[in-house]
Amino acid sequence: MKYDQDKVDEMTLALLYLVTTERQEGIGARAWKGFDWETLNRLHEKGWINDPKSKAMSLYVTDEGFKKSEKLFLKHFEQKEK
């Protein structure tokens, strides 16, 4: 199946914000890595996460990646007040 990989990357990065732990200002954060390997590899190539190929259950989100993931999460999932 063909799909828009950039959109999948954006949504995956947004969801990484939801599963982020251990945030360190200016450094980044850890996040659970229960996502598609191809997508995680693309996020790594874009510099938003560390290399996901490890035995660890979590991965490292770069500071730039964390800020982008927060922005994307709010863009797609924030509930607006009525």
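Before any of the text, the structure's been laid out above.
Now for a look at the structure at hand. (Residues numbered from 1 in each chain as written. Predicted model: local features only at pLDDT ≥ 70, side-chain atom pairs only at ≥ 80, totals over all residues. Heavy atoms only, no water.)

### Some thoughts on the side chain of Thr12
Then step 1. Its location among the elements puts Thr12 in helix α1 (residues 5-18).
Then step 2. Residues contacting Thr12, with those up to four places away along its chain left out, are Phe35, Thr39 and Leu43. (Helix = DSSP H or I, 4+ residues; strand = E, 2+ residues; numbered from the N terminus. Contact = heavy atoms within 4.5 Å.)

### Here's the deal with the packing of α1 against helix α3 (residues 63-77)
Two numbers describe a pair of packed helices, the interaxial angle and the distance between the axes.
Then step 1. Running from amino to carboxyl end, α1 crosses α3 at an angle of 100°, the nearest separation of the two axes being 7 Å. Considering the angle they form, α1 stands roughly perpendicular to α3. Of the residues in α3, those in contact with Glu10, Met11, Leu13, Ala14, Leu15, Tyr17 and Leu18 of α1 are Gly65, Phe66, Lys68, Ser69, Glu70, Leu72, Phe73, Lys75, His76 and Phe77.
Then step 2. In terms of residue class, the contact of α1 with α3 is made up of 10 nonpolar, three polar and four charged. (Axes fitted to C-alpha atoms, helices over the stretch in contact; angles between N-to-C directions. Parallel < 35°, antiparallel > 145°, perpendicular 65-115°, else oblique. Nonpolar A, V, L, I, M, F, W, Y, C, P; charged D, E, K, R; others polar.)

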